[in-house]
Structure formats: C-alpha cells, structure tokens
Amino acid sequence: MQPHDGAWGEATALFERFRRGVWIDAVLLIGVIGLVFGLASLAGEWRTLRPAVHIDLALSALPTYTFYSLMRGLIAYAFSLLFTLTYGYWAAKDPVAERILVPLLDILQSIPVLGFMPGVVLALVSLFPTSNVGLELASVLMIFTGQAWNMTFSFYHSLRSIPKDQIEAATIYRFDWWQKLKWLELPFSTIGLVWNSMMSMAGGWFFLMITESFVLGDKDFRLPGIGSYMNVAVAKGDVRAMLWAIFAMIMMIVILDQLLWRPVVVWAQKFRVEEGSDEQTSSSWFYDWLRRSSIIDWLGSAIAALRRRFGNQDQPAHPPEEKPVGSGSSILSLVLFVILVIVLLFGSWRLMLLLGQLPVRGYLPIFGACGWTLGRVLLSTALGTLWTLPAGLAIGLSQRLSRIFQPIVQIAASFPAPMLFPLVIALLKAAGVSLGWGSVVLMLLGTQWYILFNVIAGASAIPSDLGEAARSYRLSRWLRFRFLYLPAVFPYLVTGWVTAAGGAWNASIVAEFVTFKGQVLTANGLGAQISLAAEHADFPRLGACVIVMAAVVVTFNRTVWKRLYGLAESRFSLSK
Amino acid sequence: MPNGSRLRVLEDINVAIKPSEVVALLGPSGCGKSTILRILAGLIRPSQGQVLYHGRDVPGLTPGIAIVFQSFALYPWMTVTQNVEAVLQAAGLPPDERRTLAEKAIRTVGLAGFEEAYPRELSGGMKQRLGIARALSINPEILFMDEPFSHVDALTAEGLRAEVIDLWEPHDSNPSSILMVSHDIKEVVYMADRIIVLSSNPGRVRTIVENTLPRPRDQRSRESEALVDYLHEIITGAEMPDVPAAAVARASRIEALPRTDTSDVIGLLEYLDAKGGMDDIFEVAAATGHEFGHIMVITKAAELLNFVDTPKQDIVLTADGRRFVRAEAQERKAIWRAQLLKLRLFQDVHAMLAQRPDHGAGGDLVREMVILALPRENYEEVFDTLVRWARFGNLFAYEDDADWLSLQES
C-alpha cells in the first residue's frame, strides 16, 4: 500500500506553481482572513447562551456518541468532496480563474484554520441561539477545512496531468464536457482522490476532537460526541471511561477502514493508468463479499432497468451539432470569477477596519510570541525526525516489518492527538514539566506520524539493487545511511516535514493554551495569544494574531520548504 | 521561445488529400509532421493558414476524420467494447446501434473474443487494433494515423500494415483516404500513394514523391527497394549536404550542436572502424537497432567534429576520425579537445572564459551567448551538449549546483 505517493505528488504539485508575485499571496491572505472575520462580526453578538450539553459517561452511551462523531466526519467529507469536484474542475478548466484559484487554495491550506475556530463557532452559535444547529455547523465546517484542501489539490493536479493524447482523442471523438468528465477526467483522478480522501478523513478527526470539546473560558460549546466524552472522562478522572473512549475511537477508525476505504481502494485499482506488471493489488474481504452478494447485482440491474425505462437522458437522440465552444460557460465562469474577486475585496476591507482598532504597540507581543511558537514548531519537527527516521527506514526496508507495522502506523496516524492531550498534560504535570516545553510534546503527538509515513514510503521505494550494491561494497551501517538511505528518502522527508510543521502550527493553538481540571495553563506563544484573544472576544487582536501566523507559515513555505523541495528534486530524486 | 521571440515551426505547408488515396508525411523527428496532422484535424489552430474540407473552410474540428494515436490513447478503465461504444455514444447514436457498430468494428480488426478484456490485458499490437477499431467505428471519411506502429513490435507491425491497407482498399466504403505520419521509409513505400517528404527547422515540404507501385505490394521487390533508396537519398541529401560541415563553420557561421552524447559519437566511430572505415547510414541504423533519425543526428555531430565525411548515403571515417578511434583514452581526449577548439562556439566561449579573472563564468552568461549566436535553437539543449562535449575533452569544467562553467587546464 502506498498512500504516501499521492501525498508526495500533491506536495510537489503545490510547490510547482511558485513563480508568482508575493503581492498575490499577500492580497489573498488578507482577503481570506478578513472575510472570515467579516462574517463572524456580521453575525453579531453572542450573549445568548445555549444550555450546556450534558455528557453521560455510561458505557452504554458511548456507541451513540461515537456515531454522532462519525456522522459529523462523514457529512464534512461529503462537503469536501463536493467542494473538491467543483473548485478543482473550475481551476483546471478556466485559465483566468486558475490564476487566482490555485494560489488561493495554497493560501487556504497554509492558514492555521484553528485560529478561526473561536470566531466561526461564536458566529454560528449566535445565528442559532436556542439550538445546537450552529454548533453542529461550526463543527462540520472546521472538519471540512481540515479535509478539503489537499483533496482539491489532488483533483486539480490530476486534471492537469492527463496525457495530451487522451485529451486529443476525447476532443476528436467529440466528447461533450460531461462525457469527458465521466470517461476521462474522473477515472483519471480517482486513485489520487481516494488516497487523499483517506488522509483527509484522518486529518479531519483532529478538528472533530477539538470542536466537540470546545470550551471558551466559562462558556461551554461542547457537542455530544466522542471528543466531549473523553473530555468529561478526563475532567472526572474516570480512567475506565477514558480507555473506552480511546477504544471506541480506534474501532471507528478500523471499521471505517475495513468497510469504506479498503473496498474503495480495491475498486479504484481499475483506474490504474500504468501498465501494471507488479501486481501489488491490495485486497478487501468486504469488497469481495459485496461483489459476491447478489444484492449488488440486483441493484445494478435495477438501475440499468430504470435507465432504460426513462430513456437515456444523458445522451441526445441526435448527433450533437457543432457549436462554438463554451460561450455560455465562459460567461458563467466570468460571473463566478467577478463574485470571487468582490468577496475577497470585501474581506480585505473588513480586515483593514478590524486591524485598525489595534494600536501598533499591540503587535510587539504578537511578534515575540510568534518567535516562540516558531521555535516550538521546528523543535517538534526535529524531535519527530529523530525517532521516525531510523524507525521508518527499518520498517520501510523490511517487508516483514512493513507487514506488521503499516496497519498500526495507519491507525496511529488517523488517531486524533487532541484526544490524548488531557492524559499527556496530566503526565507532564506530574513530571513537573512546564507547558512551554510540554506543548512541544503535544504538537509532536499529532505530527510525528506524517514524517514516519513519508519515511516509510521513501524507504520502500528505494530500488533493492542500490541496497545490494552498498552491501556488496561492504559499506558500514553508518555509511549506508549517509550515502544511500538518507539521500534516497530526503524528498519524502521534506514532504513529511512540510505536513508536520503545518500540523504543528495548527496544534499550537490548542497546545499552548489548555484548560486542565478547571485550571488554565498557558505557554508564551502565538497559539496561546490566539486562544486568549478569542476567550476575551478581542477580535482586533485575534485578527492580528491569525494574520501574523498565516504570514509566517506562508513565508516559511515559500522560502525554507520550497528551497528544500528544489534541492530534493534536483539532487535526490531517484526517478531521474 | 524563452528569449521572447516566436519559433516558426512550419512554413509553406500545402497538403491535399484526395479521395481514395493514402498520403504519408515522412520526415526526421522534430520536423513537425505530427503538428501538421493535428492542424488538419482541427486540434491545433495554426497561426497562419486554413484547413479546407470538401472546399469549405472549417473552423474547429474537421468533420469526417478519426485519429489513431501513437500511444493508443485508450481508456484503461474500460473494456474493449466500452472503449468503442464510448466514442459511438459521443457521436450521439442510440444504444442498440452502438452495440451493433461496436461489435462490427471489433470483429473487423480481429479482436472478436476480447470484447470484455481491459486494454492492460492486451499486447501492443492488439491495443492498436482496438485503437483502429475505435476510429473505424465512427465511419470516418479520412483515417488519420500518427506513427501508428512505432509502439508495436516489428513483426506485428508488418501484419497490421497489410490489414490497414485491406480495410482501406474497397473504394466504395469508408475510410476513403488515409493520412499517415511516419519516420519509417519502408513503411510509407509499402502503404502510401503519395509521400510528402518534410525537412526540419522550420518544417517545409521538401518534395512530394508519387508512389505508383501496383498493389498488393511486395516490400522485397526490386521496385520497392529502388524507391526506398531514392527516398533515402532525398532525406540524406536534405539533412546532410555534401559540403563538409567544418568548412561551413569556418565560413564564420556558428554551428548548432546536434544534441548527442559523446559516447554515441564514439560508438559510431568504433562501428565504422570495425566495418573497415565506411558504411551506408541506413545499414548503420539497421545494424545498431537505432531509429534512423537518431543515427543521422549522431552522424551530424561526428561530421561537425570532422571525424566522418558523408558522401551520399555513406558515412566515411576521416583521417582524424581514424586517429581518434585508434588512440588511447588520454590521447582521445586531446584530439577531441583540439577538434572542439576548431568550432566557433567553443572558441568564443573559450575566449570569453580566458578573459575572466578567475577563468570561470556563470552558466547563464554562456546561455546568453548561445541565444545570441543561435537564436533558432533551444539554448538549454545546446548548452547541455556544449557542457557534455567540453567535459569529455577536458576543455571546460561545469559545476551543476553552482551553475558555473570554468576553463580546465589540460
């Protein structure tokens, strides 16, 4: 199995398109952030309080909570998929819009979305002051922001990398846009989309945990779900309930994998493009079972009958006339494009108004805090590399270890780290570690898997003759590592770093500011500043913090990571 | 073009396809023959000129044609039948008709029994059969074929050519005509009625050869072989004029560097030496299993270095060439270096580097020189070749990371 190849493709795709002006980035950045805050403040005040949700710690209640959480994840995924298909298609098909849409997507995925959570939650709750609907929407929206971007990038990238011959064939045989989509574009993007969906779903749990157990100062925004169950269990010190919650989460991941992703992956094999000699096909008992059962056959023939009955609506009875390509569609895309630009401008304007309320002096502590958080992000990435590099190499280079550890690593990577935060904080407190250092551990908890994932993928992609050559020349273990393994996995390592660092920035918002047994612990950092500003409903400061964080993340991507990517591609790529 | 100007790829091309004929576009790689095919199909809009179909100017896709692609361009996720039916559905045919027509097309190309197979289960030849079936299914008036057999093994290709001619032959049914693109001289002599020979840089019609050999044709007949030889001569005459290249270079024109690796040039010289100093260029291509166009590029490179001479279709080892081949490794490098220094481009770069204080310069400065000297060439490729050749002759050293070119003391 290689879900990581997709990730590597995506990340490279992302860095391919960097030859654009800094000002575009800046404008987009300001536009997006301003827009969110604009909407948040439009929604007005949030004085009306909903009744707090009561969480029942009884074991019998746990399945229901787990089901709620699962549904939130799936609903958010449905939205992500819808967004992916429309946004990715638009970006790939409309060269004018593409110039805004692709950088915009890039900015969106660089922004630490958790910074927006307080604003979004408050806004949506105030829209539905008496029910949970606003909170549910906020939860789905936050999960969506954790899922959508990389799926969209994957789809866009697939659409753009369809071989020229295939496109020409579709054109010469006069496929209409729907036939092109159905027979060429969707099948061609399926594999990338499936792998990225799996990763997105895993990333989504992280946000689910946080939104479900969201408490802002003395205001309780919790939702009934597995995240709040864990939260309450920790608060009450109920170890049995904690263990059950963790078990339930793992079960949810495993069941989802077995009943949804595995069958989909096996089904997606038929969309392989390369001529597969090495049949590394994965198998799925559930898929086999579905195929053998007669229900599917019955369903299939029922659908076919329906289609015959209602005539094939998807094709005209007469040959399509030659018509000038896309006059109607180009007007539509122009209108959408103008709306997009107006919306972004509106956002920028709102943000300017908001930021104007914060005195220039107010920025100093923000920049200081940003330095601390940057340090923590880098430290957690370095620490993660320290153990995952040897471990990943060991696993990736050995077929036996791969077989044993891959599933475990996958579950561990899907497991939402925030669920474990309360436990880890308790341990850290007992050991007398301050949150300043402790928050590094919390970040590490969620992000190390990305590095491990990628190292394993890189190690298993090393051609075996390179390893055999190194052994035949009697290179010592250290020399083999330096001359072969490290350079060979370097491109994968960079991908892992980018993902891990991005995750760590996000995590800083919840890791530097924690409420533990009614007591608030903070570390000096930008994440804590964001949480603090949100707690005091200090929107100008919140806006300033988020824009500083987003700017730092984007700048860091453009300079450090981009350069490392360049190095990885030109020097350490095994495919050239 | 990277330096801002537009590259003229094609010039004064006038191609007519009449009913019931097979027209072939023949030429070396990069002469734009596939581009011509795509312009005629309406896939590419030319910056100048127009496409007429039955005397009518057709904007957009040209009606009445289907294309068979070099890379097959099949949908790997569809079965043989589905691949054909998709095209018919796009043409707006009702399901029953689709089924009948697809079945017929599949049977016509001899794929009956494989209806439910996926393309990945088929061999290269069978894949192209499917490509042909797909094209035929929409009953095209003209069948376009873009190097249709170059991804198919030689034996299979031989059979397929004959079958395509059989499909075309009945004059009362479609496809009425075939337009094919090829670099294989024997192939076009076997298949085409009219052979349009193109030259490259920019692509032009070199000449048009009418092929009146009676059908069915025999590839081994004396008439066929005579025509093959004749076409060989036209192409080599066009691409390798009988004026020594070095002489041209001395006449102050800066020569483009054919994109070749030094080992290819040395391999050619070794081969010629083993053959007693000369061989026919087509023999070389056949014996080494290289595409003819590739051998021609290598020959041009060797000629530029004055290692070979090319009277007509022959490649002859020169005195310098013989001296080089028989020399030891170190001496070879010295000869190579001396030959390089006879070329203007190397002289200029050498002089420029010698003037610099540290005898080195950034790669971009050298690329700049290449652009100025050879505005028509792809400067990256020329630079790349320059570095390869200079490295072998210990003339210049080049550090890839720093993009830094410097003189190397011999």
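No experiment lies behind these values; they were computed from the predicted model shown.

Colleague: Honestly, the overall build of chain A in this entry has me stumped. Any pointers?
Modeller: A count of helices and strands for chain A gives 21 helices and four strands. Long-range contacts, defined here as pairs at least 24 residues apart, represent 82% of the contacts in chain A between residues at least 6 apart.

Colleague: I would appreciate a short explanation of the overall build of chain B in the present structure.
Modeller: On a plain count of helices and strands, chain B comes out with 16 helices and 14 strands. When the backbone C-alpha atoms are referred to their principal axes, chain B occupies close to 80 × 45 × 45 Å. Buried positions account for 38% of the 410 residues belonging to chain B.

Colleague: Teacher, can you tell me more about the pairing of strand 6 (residues 177-182) of chain B here?
Modeller: Within a regular strand, the side chains alternate between the two sheet faces. Residue and element names in this part refer to chain B. With six of its six residues buried, strand 6 lies for the most part within the structure. Because side chains alternate across strand 6, one face comprises the buried residues S177, L179 and V181, and the other comprises I178, M180 and S182, equally buried. In terms of strand pairing, strand 1 (residues 22-26) meets strand 6 through five bridges, oriented parallel. Note on strand 6: the bridge partner recorded for V22 is I178. Where strand 5 (residues 142-146) meets strand 6, five bridges bridge the pair, whose relative direction is parallel. Considered in strand 6, the bridge of F144 is made with L179. Viewed along the sheet, the connection from strand 5 through helix 5 (residues 154-168) into strand 6 turns out right-handed.

Colleague: How do you make sense of the sheet that holds strand 11 (residues 314-317) of chain B when you look at a structure like this?
Modeller: Residue and element names in this part refer to chain B. Strand order across the open sheet formed by three strands is 9-11-10, with antiparallel pairing between neighbours. Here the strands that pair on one side only, and so sit at the sheet edges, are strand 9 (278-280) and strand 10 (308-309). Of the pairings in the sheet, the one linking strand 9 to strand 11 comprises three bridges and is antiparallel in character. For D279, the partnering residue across the bridge sits in strand 11 and is I315.

Colleague: I'm lost on the packing of helix 9 (residues 262-274) of chain B against helix 12 (residues 319-326) of chain B in this one. Help?
Modeller: Geometry of a packed helix pair, given as the angle between the helix axes and the separation of the axes. All names here are of chain B. Orientation of helix 9 relative to helix 12, taken along the N-to-C sense of each, is 100°, at an axis distance of 10 Å. If you check the angle between helix 9 and helix 12, you find them roughly perpendicular. Where helix 9 abuts helix 12, its residues L269, E270 and D273 lie against G321, R322, F324 and V325. By residue class, the composition of the contact of helix 9 with helix 12 is three nonpolar, one polar and three charged.

Colleague: How should the domain arrangement of chain A be read in this particular structure?
Modeller: Put simply, an interface is often sized by how much accessible area is lost when its parts join up. Residue and element names in this part refer to chain A. Domain annotation for chain A reports domain 1 (65-273) and domain 2 (364-576). Between domain 1 and domain 2, the C-alpha centre-to-centre distance is 21 Å. Across the contact, 30 residues belong to domain 1 and 28 residues belong to domain 2. Secondary-structure elements contributing two or more residues to the side of domain 1 that touches domain 2 are helix 4 (95-110), helix 5 (117-127), helix 8 (177-212), strand 1 (215-216), helix 9 (226-235) and helix 10 (239-268). Looking at the side of domain 1 that touches domain 2 residue by residue, the class counts come to 24 nonpolar, six polar and no charged.

Colleague: Where do I start with the pairing of strand 14 (residues 404-407) of chain B in this structure?
Modeller: Residue and element names in this part refer to chain B. In this structure, strand 12 (residues 360-362) lies alongside strand 14, joined through three bridges in antiparallel fashion. Opposite G360, over in strand 14, you have S406 as the bridge partner. As judged from the four bridges shared by strand 13 (residues 396-399) and strand 14, these two strands associate in the antiparallel manner. Bridge pairing in strand 14 links F396 to L407. Connecting the antiparallel pair strand 13 and strand 14 is a turn made up of four residues, with D403 showing a positive phi of about 50°.

Colleague: In this structure, what is going on with the environment of I339(A)? I would like to understand it.
Modeller: All names here are of chain A. Along the chain, the position of I339 falls in helix 13 (residues 327-356). By C-beta crowding, I339 is classed as exposed, having 10 other C-beta atoms within 10 Å. With 69 residues separating them in the primary sequence, I339 and I408 have C-alpha atoms 46 Å apart.

Colleague: What is the right way to read the nonpolar core from this model?
Modeller: Ranked by internal contacts, the top residues of the largest apolar core, which has 144 residues, are V121(A), A245(A), V455(A), C545(A), V546(A) and M549(A). Examining the composition of this core, we find that 16 residues originate from one element, helix 19 (residues 477-511) of chain A, more than from any other. No fewer than three residues from each of domain 1 (65-273) and domain 2 (364-576) of chain A sit in this core. Beyond its immediate chain neighbours, meaning those up to four positions away, V121(A) contacts L135(A), A138(A), F214(A) and F221(A). Core analysis: the second largest hydrophobic core is formed by 73 residues, A41(B), I132(B), F144(B) and V189(B) among them.

Colleague: Help me understand the domain arrangement of chain B in this model?
Modeller: All names here are of chain B. Once the domains are mapped, chain B shows domain 1 (22-237) and domain 2 (243-410). The straight-line distance from the C-alpha centre of domain 1 to that of domain 2 is 38 Å. Contacts between domain 1 and domain 2 engage seven residues on the former and nine residues on the latter. Of the residues in the side of domain 1 that touches domain 2, the class split is one nonpolar, five polar and one charged.

Colleague: Where do I start with the sheet that holds strand 7 (residues 194-199) of chain B in this structure?
Modeller: Across a sheet, strands are paired by hydrogen bonds formed along the backbone, either parallel or antiparallel in direction. Residue and element names in this part refer to chain B. Overall, mixed pairing links the six strands, which are arranged 4-5-6-1-7-8 in an open sheet. Edge positions in the sheet fall to strand 4 (65-68) and strand 8 (204-210), since each has one partner strand and no second. With strand direction ignored, the average angle separating the axes of adjacent strands in the sheet is 20°. Bridge analysis of strand 7 against strand 8 gives six bridges, and the strand direction is antiparallel. The residue bridging V197 from the neighbouring strand is T207, located in strand 8.

Colleague: What exactly am I supposed to notice about unusual backbone geometry here?
Modeller: Glycine aside, residues mostly have negative phi, and peptide bonds are mostly found in the trans state. A cis amide bond, omega -5°, links N174(B) with the succeeding residue P175(B). The topology assignment puts P175(B) in the loop between helix 5 and strand 6. Residue P216(B) is reached from R215(B) by a cis peptide bond, and omega for that bond is -5°. Tracing the chain through its elements places P216(B) in the loop between strand 8 and helix 7 (222-239). Although it is not a glycine, R174(A) adopts a positive phi angle of roughly 60°. Tracing the backbone shows R174(A) in the loop between helix 7 (164-172) and helix 8. We classify R174(A) as partly exposed; it has 17 C-beta atoms within 10 Å. One non-glycine residue, E147(B), lies in the positive phi region at around 45°. Structurally, E147(B) is set in the loop between strand 5 and helix 5.

Colleague: How should the packing of helix 19 of chain A against helix 21 (residues 539-571) of chain A be read in this particular structure?
Modeller: Residue and element names in this part refer to chain A. The interhelical angle for the contact between helix 19 and helix 21, taken along N-to-C directions, is 175°, at an axis separation of 9 Å. By the angle class used here, helix 19 and helix 21 are roughly antiparallel. Contact with helix 19, carried on its side by F490, P491, V494, V498, G502 and W505, involves M549, V553, W561, L564, Y565, A568 and E569 of helix 21 and no other residues of that element. For the contact of helix 19 with helix 21, the per-class residue count stands at 11 nonpolar, one polar and one charged.

Colleague: Help me understand the environment of F149(B) in this model?
Modeller: Residue and element names in this part refer to chain B. With respect to the helices, strands and loops of the structure, F149 is situated in the loop between strand 5 and helix 5. Distance in space between the C-alpha atoms of F149 and Q70 is 6.9 Å, their sequence separation being 79 residues. If we skip the residues at most four places from it in the chain, F149 touches A157, L160, R161 and E187.

Colleague: Quick question: what am I supposed to make of helix 5 of chain A here?
Modeller: Residues that lie three or four places apart on an α-helix share one face, since the helix turns once every 3.6 residues. Counting buried residues in helix 5 of chain A gives nine out of 11 residues, a clear majority hidden from the surface. All buried positions along helix 5 of chain A are accounted for by M117(A), P118(A), G119(A), V120(A), V121(A), L122(A), A123(A), L124(A) and V125(A).

Colleague: I'm lost on the confidence of the model for chain A in this one. Help?
Modeller: One rule of thumb: low pLDDT means the predicted coordinates there are not for detailed reading. Residues and elements named next belong to chain A. Summarising the model, chain A shows a mean pLDDT of 79, and 84% of its residues fall at 70 or more. Predicted confidence in chain A is weakest over helix 1 (residues 3-16), with a mean pLDDT of 39, and strongest over helix 14 (residues 363-397), with 91. Under a pLDDT of 50 for its full length, residues 1-19 has, in the predicted model, 37 contacts with residues more than four places off or in other chains. The low-confidence segment residues 42-49, where pLDDT is below 50, has 10 contacts with residues more than four positions distant or belonging to other chains.

About the criteria used
- Residues numbered from 1 in each chain as written.
- Chains lettered and ligands numbered in written order.
- Predicted model: local features only at pLDDT ≥ 70, side-chain atom pairs only at ≥ 80, totals over all residues.
- Helix = DSSP H or I, 4+ residues; strand = E, 2+ residues; numbered from the N terminus.
- Contact = placed C-beta atoms within 7 Å.
- Buried ≥ 20, exposed ≤ 12 C-beta atoms within 10 Å, placed from the backbone.
- Pairing = 2+ DSSP bridges.
- Right-handed = clockwise from strand over helix to strand, strands pointing away.
- Axes fitted to C-alpha atoms, helices over the stretch in contact; angles between N-to-C directions.
- Parallel < 35°, antiparallel > 145°, perpendicular 65-115°, else oblique.
- Nonpolar A, V, L, I, M, F, W, Y, C, P; charged D, E, K, R; others polar.
- Domains from an automatic or database assignment.
- Core = buried A, V, L, I, M, F, W, Y, C linked by C-beta atoms within 7 Å.
- pLDDT = per-residue confidence, 0-100.

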